[in-house]
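Here is how the chains run, residue by residue.
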Amino acid sequence: MKTPSDETTLSRKGQGRRGLVTAMAAAPLMLGVASSFGATSATPPAGNGKAAIVTGSSRGIGAATARRLAREGYAVTVNCEKNRELAAAVVAEIEAAGGKAIWVQADVSDPKAVSRLFDACEKEFGGVDVAVANAGIMHLGAFSELSDQAFDRMWAVNAKGSFNTLREAARRIRDGGRIICLSSSITQLRTATYGPYAATKMAQDMFVGSLAKELEGRGISVNAIAPGVVNTPLFTDGKTPQQIAAFAQRTPHKRLGEPADIADVIAALCSDKGAWVNGQTIFANGGLV
Ligand SMILES: NC(=O)c1ccc[n+]([C@@H]2O[C@H](COP(=O)([O-])OP(=O)(O)OC[C@H]3O[C@@H](n4cnc5c(N)ncnc54)[C@H](OP(=O)(O)O)[C@@H]3O)[C@@H](O)[C@H]2O)c1
């Protein structure tokens, strides 16, 4: 039996968001193009003439970043692992606001899928100017309890997935571009049960320092954003309202961060005024750390 992940699907306006099954794909990949029906070659991006890929943008920080970059004029490639309907909804929202976007289902832990994600952006929008390696998962547990499966999957998605994305970005991103990955302020807090997750985030801080230097002379800035506690399922799932409120109380602003707070910082780094910030980890946590 053919499963959805065996297929490459193009969904276009007026034909149902997942209407056309077009081809068997060598690697799991679903592609949703909600505009430009019939385009056989790259169509010019809307707005600022640039294109952005945001991994893990079906919800949370990634979805807010996709919407925010679209408002800045980027044609955006939205990505999900499982939640295709959410990814399609982000694309629909961007289009309704006059922007351009496609969605691509691709597991960032799979290098071939990430390569196809970049292929899709290049094919649809003519190139890649911004890559945000945002996709991530969090499994918490004491060292005595955390399973091999939870540990391995976190490293596969957060560390290897980000590496896969940064490697494609290093090969393909256009001069003057931006590469951003998601670290975490938890790297500074040394909190019980967060150690293995925090280590995958610390990897991002190391990645950006090296990559910024490797891309010298091309005007490409590479940075990590380290949010604190942000109101998304990654943070709130499995916590009681009291636990969530306790974290909010630890920030001087007495609230959780919202995905838009982080998207605003990412957009600032992607702007011309963000060019001089390079090879850094930027802590955006409302004062938590
Ligand atoms: N929320 C926080 O408090 C916080 C704090 C610091 C850092 N961060 C970092 O910020 C990033 C975004 O987190 P979030 O809070 O927005 O999480 P979220 O709401 O749980 O969203 C995670 C996103 O990543 C996608 N994803 C998960 N595994 C994937 C994979 N293997 N391949 C492709 N996409 C995948 C999900 O897609 P599906 O919908 O298809 O599953 C979803 O779009 C993460 O890297 C996280 O470590 C978050």
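Figured I'd write up the structure that's included with this text. Just so it is clear, the model here is predicted, and its values are computed rather than measured. (Residues numbered from 1 in each chain as written. Predicted model: local features only at pLDDT ≥ 70, side-chain atom pairs only at ≥ 80, totals over all residues.)

Focus: the nonpolar core
- Ala 66, Val 76 and Val 78 are the most contacted members of the largest nonpolar core, which has 73 residues in total.
- Among residues more than four places away in sequence, those in contact with Val 76 are Ala 52, Val 54, Ala 66, Leu 69, Ala 70, Ile 94 and Ala 101. (Core = buried A, V, L, I, M, F, W, Y, C linked by C-beta atoms within 7 Å. Buried ≥ 20, exposed ≤ 12 C-beta atoms within 10 Å, placed from the backbone. Contact = placed C-beta atoms within 7 Å.)

So, helix H3 (residues 111-125)
- For H3, spanning 15 residues, the distance from its first C-alpha to its last is 21 Å, which sits close to the expected 21 Å at 1.5 Å a residue.
- Taken residue by residue, H3 has Ala 113, Val 114, Arg 116, Leu 117, Phe 118, Ala 120, Cys 121, Glu 124 and Phe 125 as its buried positions. (Helix = DSSP H or I, 4+ residues; strand = E, 2+ residues; numbered from the N terminus. Expected span 1.5 Å × (residues − 1).)

Observations concerning the site of the ligand
- As a matter of local geometry, the ligand sits amid 32 residues, with Gly 56, Gly 60, Gly 136, Thr 232 and Leu 234 nearest to it.
- Among the secondary structure elements, those contributing two or more residues to the shell around the ligand are helix H1 (60-71), strand E5 (75-80), helix H4 (148-172) and helix H7 (233-236). (Near = placed C-beta within 6 Å.)

With respect to unusual backbone geometry
- You will see that Thr 193, though not glycine, has its phi angle at about 75°, which is positive.
- Along the chain, Thr 193 turns up in the loop between helix H5 (186-189) and helix H6 (195-214).
- Of the residues examined, Thr 193 has 14 C-beta atoms within 10 Å and is grouped as partly exposed.
- Backbone geometry places Lys 254, a non-glycine residue, at a positive phi of 55°.
- Looking at the secondary structure, you find Lys 254 in the loop between helix H8 (241-249) and helix H9 (259-270).
- A count of 10 C-beta atoms within 10 Å places Lys 254 in the exposed class.

Quick notes on the pairing of strand E9 (residues 221-227)
- A large share of E9 lies buried, amounting to 7 of its 7 residues.
- Here E9 shows no split at all, with Ser 221, Asn 223, Ile 225 and Pro 227 on one side and Val 222, Ala 224 and Ala 226 on the other all buried.
- Direction of pairing for strand E8 (residues 178-182) relative to E9: parallel, over a ladder of 5 bridges. The residue of E9 that forms the bridge with Arg 178 is Ser 221.
- Pairing geometry for E9 and strand E10 (residues 281-284), over 4 bridges, is parallel. The residue of E10 that forms the bridge with Ile 225 is Ile 282. (Pairing = 2+ DSSP bridges.)

Comments concerning the packing of H1 against H9
- The geometry of H1 relative to H9 is characterised by a closest axis approach of 8 Å and an angle of 50° between their N-to-C directions. The pairing of H1 with H9 is recorded here as oblique in orientation. Here H1 and H9 pass one another in a crossing that is right-handed. Counted together, Gly 60, Ile 61, Ala 63, Ala 64, Thr 65, Arg 68 and Leu 69 of H1 and Pro 259, Ala 260, Ile 262, Ala 263, Asp 264, Ile 266, Ala 267 and Cys 270 of H9 form the full contact between these two elements. (Axes fitted to C-alpha atoms, helices over the stretch in contact; angles between N-to-C directions. Parallel < 35°, antiparallel > 145°, perpendicular 65-115°, else oblique. Left-handed = near helix turned anticlockwise from the far one by under 90°.)

Some remarks on the pairing of E5
- Within E5, 6 of the 6 residues are buried, which leaves it mostly tucked inside the rest of the structure.
- A two-sided burial pattern is seen for E5, the buried positions comprising Ala 75, Thr 77 and Asn 79 on one face and Val 76, Val 78 and Cys 80 on the other.
- Alignment of strand E4 (residues 51-54) against E5, held across 4 bridges, turns out to be parallel. Across the sheet, residue Val 54 finds its bridge partner in E5, namely Val 78.
- With respect to chirality, the unit in which E4 leads through H1 into the neighbouring parallel E5 is right-handed. (Right-handed = clockwise from strand over helix to strand, strands pointing away.)

Quick notes on the packing of H1 against helix H2 (residues 84-96)
- Across the interface, H1 lies against H2 with an axial gap of 10 Å and an inter-helix angle of 20°. When the axis of H1 is compared with that of H2, the two are roughly parallel. Crossing hand, H1 versus H2: right-handed. Of the residues in H2, those touching H1 at Ala 63, Ala 66, Arg 67 and Ala 70 are Val 90, Glu 93 and Ile 94.
- Residue composition of the contact of H1 with H2, grouped by class: 5 nonpolar, no polar and 2 charged. (Nonpolar A, V, L, I, M, F, W, Y, C, P; charged D, E, K, R; others polar.)

So, H9
- The end-to-end C-alpha distance of H9, which contains 12 residues, comes to 17 Å, matching closely the 16 Å that a straight helix rising 1.5 Å per residue would cover.
- Packed against the buried residues of H9 are H1, strand E7 (130-133), E8, E9 and E10.

Examining the environment of Leu 146
- Within the secondary structure layout, Leu 146 lies in the loop between E7 and H4.
- In contact with Leu 146, other than residues within four places in its own chain, are His 139, Gly 141, Phe 151 and Pro 196.

Concerning the environment of Ala 89
- Here Ala 89 lies in helix H2.
- Separated by 14 residues in sequence, Ala 89 and Trp 103 have C-alpha atoms that sit 9.4 Å apart.

Comments concerning the environment of Val 208
- Structurally, Val 208 can be placed in helix H6.
- Beyond its immediate sequence surroundings of up to four residues, Val 208 is in contact with Cys 181, Val 222, Asn 223, Ala 224, Gly 279 and Thr 281.

So, to be careful, I would describe these as geometric facts and stop short of saying anything about function.
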